Amino acid sequence: MSFKRLKMQLVKLRLLLIPLFVVGGLLLHHWVPAQAQADDTLRLLYWQAPTLLNPHLSTGTKDFEASRLVYEPLASFDARGEMVPFLAAEIPSIENGDVAEDLSSVTWKLKSGVTWADGEPFTADDVVFTYEYISNPEVGAITSEYYTDIASVEALDPTTVKITFKEPTVAWFVPFVGTNGMIIPKHIFETYNGPNSREAPANLAPIGTGPYITEDVKPGDVIVYVANENFREEGKPFFKRVELKGGGDATSAARAVLQTGDADYAWNTQVEAAVLTQLEATGIGRIVPKPGPNMERIVVNFSDPNVEKDGQRSHKDVPHPFLTDLNVRKALSLAMDRQTIADQLYGVAGTPTNDYVLSPENIRANAPWEFNLEEAAKLLDEAGWVDSNNNGIRDKDGVEMRMVFQTSVNPVRQKTQEIIKQDLGKIGIDLELKSIDASIFFDSEPNNPDNLGHFYADLQMYTTGNENPDPTGYMRRYLCEEIAQKENNWASANDSRYCNPAYEAMFAELVSMTDPDERDEQVKKMNNFLTVEDVAVIPLIDRSSPATAANSIEGIDLTPWDLEPWNIKDWTRKS
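Residues numbered from 1 in each chain as written. Predicted model: local features only at pLDDT ≥ 70, side-chain atom pairs only at ≥ 80, totals over all residues. Heavy atoms only, no water.

**Points about the overall build of the protein chain**
Counting its regular elements, the protein chain contains 14 helices and 22 strands. Relative to a compact globule of 575 residues, whose C-alpha radius of gyration would be 25 Å, the protein chain shows 24 Å and is just as compact. A principal-axis box enclosing the C-alpha atoms of the protein chain has dimensions of 75 × 70 × 45 Å. Taken over 575 residues, the protein chain has a buried fraction of 59%. Put simply, the protein chain shows about 21900 Å² of open surface, and 51% of that area lies on carbon and sulfur atoms. Averaging the coordinates of the 52 positive side-chain charges in the protein chain and doing the same for the 86 negative ones gives two points 7 Å apart. (Helix = DSSP H or I, 4+ residues; strand = E, 2+ residues; numbered from the N terminus. Rg over C-alpha atoms; globule rule 2.2 N^0.38 Å. Buried < 20%, exposed > 50% of the residue type's maximum accessible area, 1.4 Å probe, protein only. Areas by Shrake-Rupley, 256 points an atom, 1.4 Å probe, with all protein chains shown as cover. Lys, Arg positive; Asp, Glu negative; His and termini not counted. Charge placed at Lys NZ, Arg CZ, Asp CG, Glu CD.)

See the structure below:
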């Protein structure tokens, strides 16, 4: 390549990146890291700003992420699917006698000498209390779906805990493991184990057993952590200080790491693939792929968001005027141009899918899908939804097919909204697009009407997936008892208000099965029911959630089954 041609290409690249410079200024304009140049300060960017540091009360992944620097589970799974002990001294198994041969119980042996950051000893009583807290309906814990199969949790001695299940289960490794398994201190939360759970000062000033404690917390803005002096591993963590900046957008976060070097690590850089590749070409940082089960989906509201009952909209007893019609939901799924969304917006980071469960591969159903506007229109015609007044919008019994479609602010999501709006418009469905700041959309505050739990819209879009290799807890999200409503602070996982006896029966079969192969087939059957037969949810993209990291940061080892800072004690900066 000649120097002249190379120079022309560099000029072209700079012109392409000018818009990114402007966007990037939105994020870091007001953030001046206290020790920006210090080697022992790690600078993290989360474009969805954390607002709560209690992982059992939060509905937003960003809050779980921020909590994970402080709290730990008994164990977790690495990217290879191997269990890694945290607070556990060893991993239970049938071979070592800690998992009952009939799968009715598991006994965890805890590490000795572990203390909380305030110096109090960590014991089996803290594990028991965490269960009591999570399973208390008055607390409204979002993680309770992972603990419903437990009959009892007992402290056999200060370092031994026995969990007995209601029925024999092969999924003994779900409670107290990974993302939803973080242990909280009894002596801090004991007086907040009830309806006052959200008033606990520790919800924003956590005391954990992990490598860090918080020094300063500004919800929705900045969290400053310092190393936990009581952390049990000598010489760790490497970074004495961590500054987590929230807010902005994914593009500016990626730019801050890959192009300007203003940050060391950015979480979930959901940016168009071509843009991310351009930024990486500057050579300052790298894209860190995160393997996993994440799926971008359209969530259908089965309740009416425009009618108020008992002081709330989207009440489970007020059905949606047309989204409860199966033909309408099937038409919506047919009208999703998944291939175009994947090709234009995700590139190598996403593929079209109609699977609710993506991982592990042995439980993936590979459910069929197609983009067919003609067939979608035919289904709507058959259901009686036609344009009777020639205004371009289908209607029936005086109800027009107009919907509000909401998601968080993110360029990829806004472009996805536009593609879907254009296609639905072609078959006579009108969409009003609504974009909500991510810190508000993924917020858990009961008084926030714009979060995804309230779901005061007809459709909403976001990404999630099963957080454990066993998807039982994830499948539970579509049970009637998990419907998010006012009485549970809109914190339960069933935000679509879906309730179907047929699905309930399939779930009951699943939890009664102990043969792994039978369970795998049952998960696939339930997957196809949710996405093909009953269209309770509309999957769009099987997407990775790439992070970005400065080339100087070493030790990052992302796993699908835990939060990104799960091994932050091992992160270092090379000189």
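**A closer look at the confidence of the model for the protein chain**
Chain-level pLDDT for the protein chain is 91 on average; 94% of the residues reach the 70-or-more range. Considering only residues more than four positions removed or in separate chains, one finds that residues 1–30, a stretch of pLDDT under 50, has 29 contacts. (pLDDT = per-residue confidence, 0-100. Contact = heavy atoms within 4.5 Å.)

**A few points about empty space enclosed by the protein**
Throughout the structure, instances matching the rule amount to six cavities of 30 Å³ or more. In this structure, the largest cavity occupies an estimated 710 Å³ of space. Contributing elements (two or more residues each) for the lining of the largest cavity: helix H2 (61–67) and strand S18 (459–464). Tallied by class, residues from the lining of the largest cavity come to 14 nonpolar, 17 polar and ten charged. There is about 60 Å³ of room inside the second largest cavity. If you trace the second largest cavity, you find it lined by Arg297, Tyr356, Tyr462, Thr464, Arg477, Tyr478, Ala493, Asn494 and Asp495. (1 Å grid on protein atoms, 1.4 Å probe; cavity = no way out; pocket = protein on both sides within 12 Å on 5 of 7 lines; lining within 4 Å. Points joined across faces, edges and corners; volume = space filled by probe spheres on them. Nonpolar A, V, L, I, M, F, W, Y, C, P; charged D, E, K, R; others polar.)

**As for the pairing of strand S4 (residues 105–109)**
Most of S4 is tucked away, with four of its five residues classed as buried. Pairing between S4 and strand S6 (residues 160–165): five bridges, direction antiparallel. Of the residues in S6, the one forming a bridge with serine 105 is threonine 164. (Pairing = 2+ DSSP bridges.)

**With respect to the nonpolar core**
In terms of nonpolar packing, the biggest core is built from 97 residues, with Leu74, Trp108, Ile163, Phe176, Tyr225 and Trp571 touching the most fellow members. For this core, the leading source of residues is helix H3 (residues 124–135), giving seven residues. By size, the runner-up hydrophobic cluster in this structure holds 58 residues, among which are Leu332, Ile341, Tyr478 and Tyr503. (Core = buried A, V, L, I, M, F, W, Y, C linked by side-chain atoms within 4.5 Å.)

**Quick notes on the side chain of threonine 548**
Topologically, threonine 548 is positioned in strand S20 (residues 547–550). If sequence neighbours within four positions are ignored, threonine 548 has contacts with Ala254, Val257, Leu258, Asp264, Tyr265, Ala266, Thr269, Leu276, Arg286, Ile287 and Val288.

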